[in-house]
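Here is what each chain is made of, one letter per residue.
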Amino acid sequence: LCSFIDIDRTPTRCSEMVTRAINDESLMEPLTYTESLEYRGNYVARLIPLSEITSMKSRNLAEKKRWFRELCNMLTADVDNEGYLEITVRREHLLKDSIEAIVNMSPEDMHKVWRIYFTGEEHRTPCDLAQEWFMLVMKQLCEPRNGFWQRNHKKDDGCSHINPLSNICCQNDLDYFHFMGRMIGKSLFDGMKVPNSIAPYIYKFMSGCPIKFTDLWQILEEDNEVLGHLDRVDATGCCDLDMNMTELSPFEGIFHIDHIHNGRNIPVTRIGMSSYKQALAKHLLYDTVEPQLTELLRGAFEVIPRSIYSIFHYDELQRLCGCNDFSHED
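Residues numbered from 1 in each chain as written. Predicted model: local features only at pLDDT ≥ 70, side-chain atom pairs only at ≥ 80, totals over all residues. Heavy atoms only, no water.

Re the overall build of the protein
When you go through the protein residue by residue, the secondary structure sums to 16 helices and 6 strands. For the protein, the residues scored as buried account for 48% of the 330 residues in total. Residue pairs at least 24 apart in sequence account for 70% of intrachain contacts in the protein once pairs closer than 6 positions are excluded. Here the protein displays about 16900 Å² of accessible surface, and carbon together with sulfur accounts for 51% of that area. (Helix = DSSP H or I, 4+ residues; strand = E, 2+ residues; numbered from the N terminus. Buried < 20%, exposed > 50% of the residue type's maximum accessible area, 1.4 Å probe, protein only. Contact = heavy atoms within 4.5 Å. Areas by Shrake-Rupley, 256 points an atom, 1.4 Å probe, with all protein chains shown as cover.)

Listed below in C-alpha cells is the structure:
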C-alpha cells in the first residue's frame, strides 16, 4: 500500500498524501469496513511511513501541532457530501444522553462534523454549545462521586486516576470509559482544548511513553511511607520484602499476588529491587485497571490511530487536551 508514496518526502506533504489516499478509489476498494477498528483513519495512518512518524517525534510542539491539524483536517468528513451529525442532550441527564449518542456511533461518525444542541436552548449556536458540552461531560466523568475515577485529596494537583472498583459503582462502567476515550480523541481531532484532571500517566499509555515507578506518586495516598521506604531500601540494601503483594478486596478479603512465579517465597534483594519496582508499577497502574484502561484507549484510538498519538510526548498530549489548565475551584 505504501509503494506509491515517496518515503523521503517531507512532512509538509502530509495533506497531499492523505488527499490521494482518500480520493483514490482503486486503493479504497479492497477495504472492508466492519464494526471494529478498520476505518478510514487507520487506513490512512498505515500509509504514513514510519520514517515520517519518527521524524515528527523529534520536532517541536508547534510543528507537531501543524502536522497533526493538517492530517485531521484531511480526515474530516466533507459536510457537503456527508452532512452534519446532530446530537441533542438534556442538561439534567447529560451523561446518560451523551453516552447513548456517542457509544453507538461508528468510527467513521467520529470524523464527521458534530452539531451539539441542549434541549430547550435551540436559540444558541452549536459552536458555542460544543465547547460547553465537552467541558461539562468531562467534568462529570472525572467527578469521584460517579465512581469512575478517584482523586488523591492529599495531593495539591488533585489528579484523577481510574477507580479499580468502578464496576461496583456502575454496571456498565466499561461503556463509560469507552465513551470517555472517544470524547478525548474527538476533542483532539476537532482542535478543542477541554480542561480535565486525568492523571499524567494515562497520557503515557496513549502516546506510548514508558511507565516508570515514579508514576506511582500520582495515585498513592501514603506515598511518603510506601515509595519513600522503597527508595531507602534501594539505597541501604536492607529490606523485608518478597516478590509478592498483599491486597484487601471488599468482597474477596485478603489475597496475595505474585509478581513472578512463586514470588511470595523469593526475597527482594538490592539487586532485585529494580524488578520489584517495575512489577509494582505495572500492577498498580495497569493490571488493576486493565479493563477500564483498555476501553478508554480503544475509544481514543477509534478517533485517532495510535501511531499518530505517538508523535507527541505525554506532557505535550496533556497540554493539547487541556490537563494543565484544570482548576477544581473553577
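A few points about the environment of I202
Of note, I202 is situated in helix α11 (residues 200-207). A relative accessible area of 1% means that I202 is categorised as buried. Each C-alpha atom, one on I202 and one on L296, is 9.5 Å from the other, the two residues being 94 residues apart in sequence. With residues near it in sequence (within four places) discarded, I202 still touches W149, I162, L293 and L296.

Overview of the packing of aromatic side chains
According to the stated counting rule, one finds 9 aromatic pairs in the structure shown. A ring pair is formed by F68 and F312, whose centres lie 5.5 Å apart and whose planes are at 80 degrees; its orientation type is edge-to-face. Here F68 is found in helix α5 (residues 61-75), whereas its partner F312 is found in the loop between α15 (306-309) and α16 (314-321), with 244 residues between them in sequence. Among the residues examined, F312 registers a relative accessible area of 3% and is labelled buried. (Phe/Tyr/Trp six-rings, centres within 6.5 Å; stacked < 30°, edge-to-face > 60°.)

Examining the packing of α11 against helix α14 (residues 290-303)
The contact between α11 and α14 brings their axes to 11 Å, and the two run at 55 degrees. In terms of axis orientation, α11 runs oblique to α14. Both α11 and α14 take part in a crossing whose hand is right-handed. On the side of α11, the interface is formed by I202, F205 and M206, while α14 contributes L293, L296, L297, A300 and F301. Looking at the contact of α11 with α14, its residues break down into 8 nonpolar, no polar and no charged. (Axes fitted to C-alpha atoms, helices over the stretch in contact; angles between N-to-C directions. Parallel < 35°, antiparallel > 145°, perpendicular 65-115°, else oblique. Left-handed = near helix turned anticlockwise from the far one by under 90°. Nonpolar A, V, L, I, M, F, W, Y, C, P; charged D, E, K, R; others polar.)

Observations regarding the nonpolar core
Counting 75 residues, the largest nonpolar core has W114, W133, W149, F179, M180 and I198 as its most contacted members. Setting aside residues up to four positions removed in sequence, W114 forms contacts with L85, I87, I102, M105, D109, W133, F134 and K186. (Core = buried A, V, L, I, M, F, W, Y, C linked by side-chain atoms within 4.5 Å.)

Quick word on the packing of helix α4 (residues 50-57) against α5
Interhelical geometry of α4 versus α5 gives an angle of 140 degrees and a closest axis separation of 9 Å. Between α4 and α5, the interaxial angle falls into the category oblique. Here E52, I53, M56 and K57 of α4 come into contact with α5, specifically with E63, K64 and W67.

Digging into α5
Compared with an ideal rise of 1.5 Å per residue, which puts 15 residues at 21 Å, α5 spans 21 Å between its outermost C-alpha atoms and is within 8% of the ideal. Residues L61, K64, W67, F68, L71, C72 and L75 constitute the buried set of α5. The arc that holds every buried residue of α5, seen down its axis, measures 135 degrees, which confines them to one face. The N-cap residue of α5 is N60: its side-chain oxygen and the backbone nitrogen of A62 are 3.2 Å apart. (Expected span 1.5 Å × (residues − 1). Arc of directions from axis to C-beta. Polar contact = N/O pair within 3.5 Å; in protein donor to acceptor, adjacent residues only side chain to side chain.)

Looking at the pairing of strand β2 (residues 113-118)
Two elements, strand β1 (residues 84-89) and β2, share 6 bridges in a ladder whose sense is parallel. Bridged to I87 within β2 is I116. In terms of handedness, the path from β1 via helix α7 (residues 94-102) over to β2 forms a crossover that is right-handed. (Pairing = 2+ DSSP bridges. Right-handed = clockwise from strand over helix to strand, strands pointing away.)

With respect to the pattern of salt bridges
Taken as a whole and assessed by the stated rule, the structure comprises 14 salt bridges. The salt bridge involving E143 is made with R145; its shortest N-O contact spans 3.2 Å. By relative accessible area, which is 24% here, E143 ends up partly exposed. The class for R145 is exposed, based on a relative accessible area of 74%. (Salt bridge = Lys/Arg side-chain N within 4 Å of Asp/Glu carboxyl O.)

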